[in-house]
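If you want the building blocks of each chain, they are given just below.
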Amino acid sequence: MLTLGEVHTGLLQNSTSLSLEHTTQLLDLLVGERVRRSERPIAYVVSPDQLTGVDCLLPTGSGSRTRGVGTVVSHATVTGGHVLQGSTYTLVGRAEANRRLPWSHYLSRPGRLETIGKVDARDVVRGFLTTGSPSQVLNLGAICARLIDAVQESTRLDRRPPFRSRRTRLRWAVLPSDDPAAEAQGTFRVESETLRTLELTVGHDDVAAVVALCEDLALHDWLLTTLLALMEASLTAPGTRAQKVERLRPAIDCLLHLWMPAARLDESVLPVWRALERRPGFTRQWESSVNRIRDQVTLSTIALLEASLS
């Protein structure tokens, strides 16, 4: 069964890191539903799942019109008290009855979108990953954005973030493999400054493991993108070395300790992360950037010591 999803990642609009307890209260979005949380290896909180009913056309690369009806699952997460994500996904499959059914039928199958008429899974993947979201076509990004906006507008936040940053979007799709024992594989692309795509092929049907992989990849892509942007803005701007290091303080305080790729992932999806570590080499670029920041701090400290001695 085809799976489509999107993850939006951004900085929580608060001046300091939120405690685990305050984050849990922030993501308590549904009365009577449990907020999941963990402290190891890093503070991580997940809101209850929300369902959104959709009745629309599916995106296709060929432009063919395929209607889908069902529900989309979405939730919000906060990592380390600083990074907010909105995640949305749905499973797409052929309806048994080739007609529109009552909503009670679709609500009894949460997170599933049933197609009316013929559907080419690869054509849908191509359309979903490579085109925008015109009106009347499935738009998972809009659901993500709405969820993140709802969290950011909470009165529990002071709306004074420690630095300015962009949201990034990861649009992903999963095609089932013909071989159930096949190793998970993925193709990751940077489409623009804020959009990335991931096309996956997996042999199992563990949707939760795939969603966790995509959220983890989106988180670490945002961390790396944001760190590089802060470094460029800080180190290329005029000023003394001490002033440049001071501009890097938000990165040191808020970002450096959050890098823990694949820490919570299932073994079945780890081959995808291992491939990304080989090329383009996420951790290699992260460690190089962190070492450069530490070198700047060291040189600034030496300069201050020399100035005090003189």
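Here the structure is a predicted model, which means the values were calculated and not measured.

An account of unusual backbone geometry is requested, with residue identities and associated values reported.
Comment: phi is negative for the bulk of residues other than glycine, and the bulk of peptide bonds are trans. In this structure, P41 follows R40 across a cis peptide bond, with omega equal to 0°. Along the chain, P41 turns up in the loop between β2 (36–38) and β3 (44–46). Here the residue pair R279 and P280 is connected by a cis peptide bond, since its omega of 15° sits within 30 degrees of zero. Relative to the helices and strands, P280 is located in the loop between α8 (270–278) and α9 (282–309). Unusually for a residue other than glycine, R159 sits at a positive phi of about 60°. Assignment of secondary structure puts R159 in the loop between α4 (140–152) and β8 (168–176). Despite not being glycine, A262 has its phi angle at roughly 65°, a positive value. Counting through the fold element by element, A262 comes out in the loop between α7 (249–254) and α8.

So what about the layout of surface pockets? Which residues, and what values?
Approximately 400 Å³ is the volume attributed to the largest pocket. Around the largest pocket, the lining comprises 19 residues; the ones closest to its centre are R36, Y44, A208, A212 and E215. Only β2, β3, β5 (67–79), β6 (83–94) and α5 (207–235) provide two or more residues apiece to the lining of the largest pocket. Tallying contributions element by element places α5 first for the lining of the largest pocket, with seven residues.

Hey, could you go over the pairing of β6 for me, with residue numbers and the actual values?
Side-chain positions along a regular strand alternate between the two faces of the sheet. With 11 of 12 residues buried, β6 is to be regarded as a mostly interior element. Across 10 bridges, strand β1 (residues 2–11) lies against β6 in antiparallel orientation. Directly across from G10, in β6, lies its bridge partner L84. For β5 and β6, the ladder comprises seven bridges, and the chain directions are antiparallel. By the bridge assignment for β6, T77 is matched with Q85. Here β5 hands over to β6 after three residues, with G80 in that stretch at a positive phi of 65°.

Tell me what's going on with the pattern of salt bridges, and back it up with residues and numbers.
The tally for this structure, following the rule as stated, stands at 11 salt bridges. Note that R109 and E114 form a salt bridge whose closest N and O atoms lie 3.8 Å from each other. By relative accessible area, R109 is classed as partly exposed at 35%. For the salt bridge of R160 with D158, the shortest nitrogen-to-oxygen distance reads 3.7 Å. A relative accessible area of 30% places D158 in the partly exposed class. Each member of the salt-bridge network shares a partner with another, and the members are D55, R67 and R100.

Got a sec to walk through the environment of R164? Specific residues and values, please.
Looking at where R164 falls in the secondary structure, it is placed in the loop between α4 and β8. Along the sequence, R164 and A76 sit 88 residues apart, while their C-alpha atoms lie 21 Å from each other.

Please give an account of the pairing of strand β9 (residues 185–190) that cites residues and values.
The pairing of β9 with strand β10 (residues 195–202) spans six bridges and is classified as antiparallel. By the bridge assignment for β10, R189 is matched with T197.

Quick one: what's the story with empty space enclosed by the protein, residue by residue and with numbers?
Per the stated rule, a full pass over the model turns up two cavities of 30 Å³ or more. If you go around the second largest cavity, the residues you meet are I42, T79, D216, L219, H220, L258, M260, A263 and R264. When its residues are assigned to classes, the lining of the second largest cavity shows five nonpolar, two polar and two charged.

Lay out α9 in plain terms, naming residues and giving numbers.
Over its 28 residues, α9 runs 41 Å from end to end, which matches the ideal 40 Å to within 8%, given 1.5 Å per residue. Buried within α9 we find F282, T283, W286, S289, V290, I293, Q296 and S300. The inward-facing, buried residues of α9 abut β9, α5, α6 (241–247), α7 and α8.

I'd like a description of the side chain of R171, backed by residues and values.
By secondary structure assignment, the location of R171 is in strand β8. The class for R171 is buried, based on a relative accessible area of 6%. Here the side chain of R171 touches E6 through a polar contact of 3.3 Å, side chain to side chain. At 3.4 Å, the side chain of R171 and the backbone oxygen of F128 are in polar contact. In this structure, R171 is in contact with G5, E6, F128, L129, T131, L195, R196, T197 and L198, ignoring residues within four places of it in sequence.

What counts as what
- Residue indices follow the written sequence of each chain, beginning from 1 at its first position.
- A pLDDT threshold of at least 70 governs which residues receive local features in this predicted model, and a stricter bar of 80 or more applies before side-chain atom pairs are shown or counted, although totals over entire chains, interfaces and linings include all residues.
- The side-chain quantities take in all heavy atoms of the structure and omit both hydrogens and water.
- Put simply, DSSP H or I for four residues or longer makes a helix, DSSP E for two residues or longer makes a strand, and each gets a number counted from the N terminus.
- Throughout, the protein atoms alone are placed on a 1 Å grid, and a set of points is a cavity if a 1.4 Å probe fits but cannot get out or a pocket if it is open with protein on both sides within 12 Å along at least five of seven lines; lining residues have an atom within 4 Å of a point.
- Grid points are joined across faces, edges and corners, and a volume is the space filled by probe spheres set on the points.
- Think of it in three bands: with a 1.4 Å probe and only protein chains considered, a residue is buried below 20% of the maximum accessible area for its type, exposed above 50%, and partly exposed in between.
- DSSP-based pairing: two strands are paired if at least 2 bridges between them are found.
- Definition used for salt bridges: Asp or Glu carboxyl oxygen within 4 Å of a side-chain nitrogen of Lys or Arg.
- Throughout, the ten residues Ala, Val, Leu, Ile, Met, Phe, Trp, Tyr, Cys and Pro are labelled nonpolar, Asp, Glu, Lys and Arg are labelled charged, and all others, Gly among them, are labelled polar.
- Expected helix span is taken as 1.5 Å per residue step, with the number of steps being one fewer than the number of residues.
- Here, residues are in contact when the closest pair of their heavy atoms is within 4.5 Å.
- The term polar contact refers here to a pair of N or O atoms within 3.5 Å; inside protein, the definition further demands a hydrogen-donor-capable atom paired with an acceptor-capable atom, and it admits residues adjacent in sequence only when both atoms are side-chain atoms.

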